[in-house]
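# Chains, contacts and geometry: an overview
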Number of protein chains: 2
Amino acid sequence: MPRPRSPLLSAEAIVTAALDMIDETGNFSFPRIARRLEVSQSSLYNHIQNREHIIELIRARVFTEPLSLPVAELPWDEALRTVVRAYRACIAAHPRLVPLILAQTVQDAGALGAYESMALALEQAGLPPQRIVSALFLIDNLVLGSAMELTAPAVAWAPPPGAFPALQRALEAPHTVEGRAEAAFELGLAVLVDGLRAQEFTQN
Amino acid sequence: MPRPRSPLLSAEAIVTAALDMIDETGNFSFPRIARRLEVSQSSLYNHIQNREHIIELIRARVFTEPLSLPVAELPWDEALRTVVRAYRACIAAHPRLVPLILAQTVQDAGALGAYESMALALEQAGLPPQRIVSALFLIDNLVLGSAMELTAPAVAWAPPPGAFPALQRALEAPHTVEGRAEAAFELGLAVLVDGLRAQEFTQN
DNA sequence: ACCTGAACACCGTTCAAGT
DNA sequence: ACCTGAACACCGTTCAAGT
């Protein structure tokens with residue numbers, strides 16, 4: 001087939017197909033995108049640079065808009081809770097994306113806006129500058145970790161019967177995967193705010 | 001080559017080669033293991049079942065011994081700090097392993113021993129049973145997340161010049177990758193212990 | 001500018017064949 | 001029991017060739 005009158009393909013269509021495939025199967029591939037869009041594999045490269053580039057475009061799509069919240073007038077703990085929950089909502093809609101975006105430099109403006117809001121709240125909390133980066137990492141761990149739990153195996157620990165009694169007792173409590181992930185996130189957020197307040201450098 | 005008098009290969013040799021390759025490059029593959037051990041790719045399957053199985057064997061090797069600590073007589077916060085630090089020491093020696101072991105059910109006895117100790121400490125702290133699983137997830141996030149930071153890009157956030165001032169201020173503080181990861185872990189551990197203490201259900 | 005098919009260097013896994 | 005080579009179904013990326 002020669003060049004069609006209007007393009008068969010676009011970066012947007014590729015990103016949509018890839019994100020759908022991630023939500024469905026946990027990953028994407030060039031052959032599967034091409035098959036779904038009824039196009040040849042090599043033509044994808046007319047619209048995106050490579051695999052990494054697709055992931056960056058997905059990150060931008062997932063983190064747009066909801067992350068620049070009017071939060072400046074709230075007390076720091078309220079502001080922090082609000083932004084962290086909004087950040088989690090973005091990624092919890094696509095939990096299988098987490099392993100693909102881990103450990104890559106964040107350059108997307110939407111995501112950076114969320115970190116800016118969090119850094120401001122942490123300054124208001126009285127954290128010294130060099131601790132703010134640490135706290136941002138902790139928040140990242142909390143949000144991404146508890147989102148990953150949404151797709152973790154239902155049984156996260158499988159102790160053999162008769163051993164590890166305290167672990168067995170803890171695992172007896174009934175739960176769903178969603179409830180478990182949500183509970184861990186909310187406990188983590190409460191512990192984070194109260195724990196930061198308890199550090200000596202906080203001023204209130 | 002027919003069957004040799006003494007085996008050329010063993011599960012141990014495969015695990016060693018795979019773990020070395022993970023430490024060096026962040027991943028392993030059957031062709032590269034076979035090349036390093038000077039053996040054919042298909043002969044690996046005489047000693048291990050598949051790729052997942054290799055990862056499970058690596059997990060068992062990395063988490064053996066240091067994780068059943070005599071911790072029962074310590075106050076809960078001391079016990080928790082000790083076990084969490086020992087857990088972190090295991091994985092911080094092989095930070096590039098983290099993405100490979102994330103989100104798989106833990107069955108290794110060594111690793112389960114660490115979780116048992118942590119569950120006991122959390123019981124002593126007064127956490128209700130259904131919160132203990134949440135707290136174990138938080139600890140996992142903290143340990144694995146801060147280990148992954150050891151191999152993260154030196155620049156975790158790249159805000160464009162002139163925007164995101166609070167983030168820029170936070171990033172100005174000088175740091176090494178190791179120092180940054182260590183600082184985040186220690187802040188997280190302090191926040192975790194103090195934050196747990198601040199929750200209403202704790203009794204001391 | 002945009003699509004195609006062929007080619008290349010990589011993967012994990014299976015299996016018949018050797019001793 | 002343990003190794004081999006061939007085969008298969010997958011990957012990501014490049015490139016000359018079409019219009």
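### Focus on the overall build of chain A
Counting its secondary structure elements, chain A contains 9 helices and 0 strands. Ordering the α and β elements of chain A from the N terminus gives α-α-α-α-α-α-α-α-α. A compact globule built from 204 residues should have a C-alpha radius of gyration of about 17 Å, whereas chain A, at 21 Å, is more than 25% larger. Counting over 204 residues, chain A shows a buried share of 51%. Sequence-distant contacts in chain A: of pairs separated by 6 or more residues, those separated by 24 or more amount to 69%.

### Some words on the relation of the copies chain A and chain B
Between chain A and chain B, which share one sequence, the superposing operator has a rotation angle of 180° and an axial displacement of 0.0 Å; the RMSD is 0.0 Å. Classification of the inter-copy transformation places it as that of a two-fold axis. Residue glycine 195 of chain A, judged by its C-alpha, is the member of chain A lying nearest the rotation axis, at 1.9 Å. A shared binding surface is used by both copies, with 100% of the interface residues of chain A retained as interface residues in chain B.

### A few points about the packing of aromatic side chains
Counting across every chain of the model gives 10 aromatic pairs over all chains. Between phenylalanine 30 of chain B and tyrosine 45 of chain B, the ring centres sit 5.1 Å apart and the planes meet at 10°, which makes this aromatic pair stacked. Here phenylalanine 30 of chain B, found in helix H2 (residues 30-37), pairs with tyrosine 45 of chain B, found in the loop between H2 and helix H3 (51-62); they are 15 residues apart in sequence, far enough to count as distant. Every member of this aromatic cluster is reached through a ring pair, and the members are Phe63, Tyr87, Tyr115 and Phe137 of chain A together with Trp157 of chain B. Above the ring of phenylalanine 28 of chain B, the side-chain terminus of arginine 51 of chain B is found at 4.2 Å from the ring centroid. Note that arginine 88 of chain B overlies the ring of phenylalanine 185 of chain B, its terminal NZ or CZ placed 4.6 Å from the centroid.

### Side note on the side chain of asparagine 141 of chain A
With respect to the secondary-structure elements, asparagine 141 of chain A resides in helix H7 (residues 129-148). With a relative accessible area of 12%, asparagine 141 of chain A lands in the buried category. Setting aside chain neighbours within four positions, we find asparagine 141 of chain A in contact with Ser146 of chain A together with Asn141, Leu142, Gly145, Ser146 and Glu149 of chain B.

### Regarding the packing of helix H4 (residues 76-92) of chain B against helix H7 (residues 129-148) of chain B
Residues and elements named next belong to chain B. For the pair H4 and H7, interaxial distance at closest approach is 10 Å and the crossing angle is 35°. As for the relative orientation of H4 and H7, their crossing is right-handed in sense. Across the interface between the two elements, Leu80, Val84, Tyr87, Arg88 and Ile91 from H4 touch Ile139, Asp140, Val143, Leu144, Ser146 and Ala147 from H7. Here the residues of the contact of H4 with H7 are counted per class, giving 8 nonpolar, 1 polar and 2 charged.

### Considering helix H2 (residues 30-37) of chain A
Residue and element names in this part refer to chain A. Among the residues making up H2, those that are buried are Phe30, Ile33 and Ala34. With its buried residues spanning 95° around the axis, H2 presents them on a single face. As for H2, its buried residues are in contact with helix H1 (11-25) and helix H3 (51-62). Among the residues of H2, the N-terminal cap falls to serine 29, whose side-chain oxygen and the backbone nitrogen of arginine 32 are separated by 3.2 Å. Just past H2, the residue glutamate 38 takes up positive phi, approximately 55°.

Calculation rules
Residues numbered from 1 in each chain as written. Chains lettered and ligands numbered in written order. Predicted model: local features only at pLDDT ≥ 70, side-chain atom pairs only at ≥ 80, totals over all residues. Heavy atoms only, no water. Helix = DSSP H or I, 4+ residues; strand = E, 2+ residues; numbered from the N terminus. Rg over C-alpha atoms; globule rule 2.2 N^0.38 Å. Buried < 20%, exposed > 50% of the residue type's maximum accessible area, 1.4 Å probe, protein only. Contact = heavy atoms within 4.5 Å. Least-squares fit on C-alpha atoms with pLDDT ≥ 70 in both. Phe/Tyr/Trp six-rings, centres within 6.5 Å; stacked < 30°, edge-to-face > 60°. Lys NZ or Arg CZ within 6 Å of the ring centre and 35° of its normal. Axes fitted to C-alpha atoms, helices over the stretch in contact; angles between N-to-C directions. Left-handed = near helix turned anticlockwise from the far one by under 90°. Nonpolar A, V, L, I, M, F, W, Y, C, P; charged D, E, K, R; others polar. Arc of directions from axis to C-beta. Polar contact = N/O pair within 3.5 Å; in protein donor to acceptor, adjacent residues only side chain to side chain.

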